[in-house]
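# Architecture and fold: a report
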Amino acid sequence: MKVCLLTDKPDHPLLAAVSAALVAAEHQVTFSDPDSAAASPSQPVTAGGLADVYLLKAHTPRALALAHSLEALGARVVNSAAATELCQDRSRIAAVAADAGLPMPRTRTLDALSEALRGAAPAENGYPLMVKSRHSRRADLVARVDGPDGLSGLASKWSDEPVVLQEFVANSGWDHKLWVIGGEVFTGVRPAPVGAPPGGARPAPLVRDLPQDWTRLALRTGEVFGLDVYGVDLLDREGAPVVVDINAFPGIRGPKGAPEALAALALRRPRPGPHAREG
């Protein structure tokens, strides 16, 4: 098979391991940076023709345009362009999750953070609250705000930023990360973006030791959002999991078996499946 990885980081540990495994099995692997001058969304086919599958690790607007063009030509793209695009918009994520009954914090969308300084209270439950860039990207805004002064200070730096204001979920300071690759669940624990406790890394639980409702929630999230490779960030709220973020094709580092699962997914025959739902 011909497998093409759409990424600007071909040396990422997961992608490098997947590439090595596929090459060892005598498959052809290429890398393409969608944001390079050589990659053209209007003319996506190279002299070698379409690959059998494209792994869409890049999430930039140009990468999404390229993925849409490839799909229009009949190519298989993992994750789909629509599902990847949906997961870049935290406002749409919240709307789709609410429609599907997935547990997420209450979320309000503003066209600009400066709007939070005018009119009604910034959140239904007051402070603290989480302020996040509406559009997920590298170096985006993710911050806890504990009062009006903190909100004013944040708005002075991010005044025109489209944001979501999210109910704050009291937690231990650790994000429980559940990564799913082709239906196989992997786990990790990372310091939360804000409020992480001091000290070193915390060992990740084994999948078999997780509560069943956690793994069911992770798998259900993939079904709702039409994802094959994704991450779900969960917080424990009074014993029940709450989804605080969903990432299409995240940078999965560490769990054993992840490269093999991704290689198997790339070689899997395409089958009809759920599509990303609109919010």
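It should be emphasised that the depicted structure is a prediction, and the values quoted were computed from it without experimental measurement. (Residues numbered from 1 in each chain as written. Predicted model: local features only at pLDDT ≥ 70, side-chain atom pairs only at ≥ 80, totals over all residues. Heavy atoms only, no water.)

Attention now moves to the overall build of the protein chain. Counting secondary structure elements, the protein chain contains 7 helices and 12 strands. Per-residue burial for the protein chain yields a buried fraction of 47% across its 279 residues. (Helix = DSSP H or I, 4+ residues; strand = E, 2+ residues; numbered from the N terminus. Buried < 20%, exposed > 50% of the residue type's maximum accessible area, 1.4 Å probe, protein only.)

A few words now on the environment of Thr30. Looking at the secondary structure, you find Thr30 in strand β2 (residues 28-32). When the C-alpha positions of Thr30 and Pro10 are compared, they lie 9.5 Å apart, and in sequence the two are 20 residues distant. Each residue touching Thr30, except ones within four places of it in the same chain, is listed here: Val3, Cys4 and Leu5. (Contact = heavy atoms within 4.5 Å.)

All right, on to the environment of Leu219 then. Tracing the sequence through the fold places Leu219 in helix α6 (residues 212-225). A relative accessible area of 34% places Leu219 in the partly exposed class. With 40 residues separating them in the primary sequence, Leu219 and Trp179 have C-alpha atoms 9.5 Å apart. Setting aside chain neighbours within four positions, we find Leu219 in contact with Val180, Gly183, Val185 and Tyr230.

Turning our attention to the packing of helix α4 (residues 90-100) against α6. Axis separation between α4 and α6 bottoms out at 11 Å; the angle between their running directions is 110°. Judged by the inter-axis angle, α4 sits roughly perpendicular to α6. Read as a crossing pair, α4 and α6 show a hand that is right-handed. The residues of α6 that touch α4, namely those facing Ile93, Val96, Ala97 and Ala100, are Arg220, Val224 and Phe225. Grouping the constituent residues of the contact of α4 with α6 by class yields 6 nonpolar, no polar and 1 charged. (Axes fitted to C-alpha atoms, helices over the stretch in contact; angles between N-to-C directions. Parallel < 35°, antiparallel > 145°, perpendicular 65-115°, else oblique. Left-handed = near helix turned anticlockwise from the far one by under 90°. Nonpolar A, V, L, I, M, F, W, Y, C, P; charged D, E, K, R; others polar.)

Under the 1.5 Å per step criterion, the end-to-end length of helix α1 (residues 13-24) is 16 Å for 12 residues, consistent within 8% with the ideal 16 Å. Of the residues making up α1, those classed as buried are Leu14, Leu15, Val18, Ser19 and Leu22. Each buried residue of α1 lies within a common arc of 130° when the element is viewed along its axis, so the set occupies one face. Where α1 is buried, its residues meet β1 (2-6), β2 and α7 (258-267). Among the residues trailing α1, Glu26 stands out with phi positive, at a value near 70°. (Expected span 1.5 Å × (residues − 1). Arc of directions from axis to C-beta.)

Sheet strands pair via backbone hydrogen bonds, and the direction of the pair is either parallel or antiparallel. Judged by pairing direction, the sheet is parallel, and its 4 strands sit side by side in the order β2-β1-β3-β4 without closing on themselves. Every other strand in the sheet has two partners, leaving β2 and β4 (77-78) as the edge strands with one partner each. Here β1 runs beside β2; their pairing, made up of 5 bridges, is parallel. Counterpart to Leu5 in the pairing with β2 is Phe31. Contacts between helix α2 (residues 61-72) and the sheet are confined to β1, β3 (53-56) and β4, with β3 contributing the most and set at about 160° to the helix. (Pairing = 2+ DSSP bridges.)

Attention now goes to the nonpolar core. Among the nonpolar cores identified, the biggest contains 25 residues, and Phe225 and Leu227 are the most heavily contacted of them. Those elements giving two or more residues to this core turn out to be α3 (81-86), α4, β9 (174-181), α6, β11 (229-237) and β12 (240-248). Sorting elements by how many residues they give to this core places α6 first, with 5 residues. Setting aside residues up to four positions removed in sequence, Leu227 forms contacts with Asn79, Ala83, Cys87, Gly222, Ile246 and Ala248. One finds Leu5, Phe249, Leu262 and Ala263 within the second-largest nonpolar core, a separate group that totals 22 residues. (Core = buried A, V, L, I, M, F, W, Y, C linked by side-chain atoms within 4.5 Å.)

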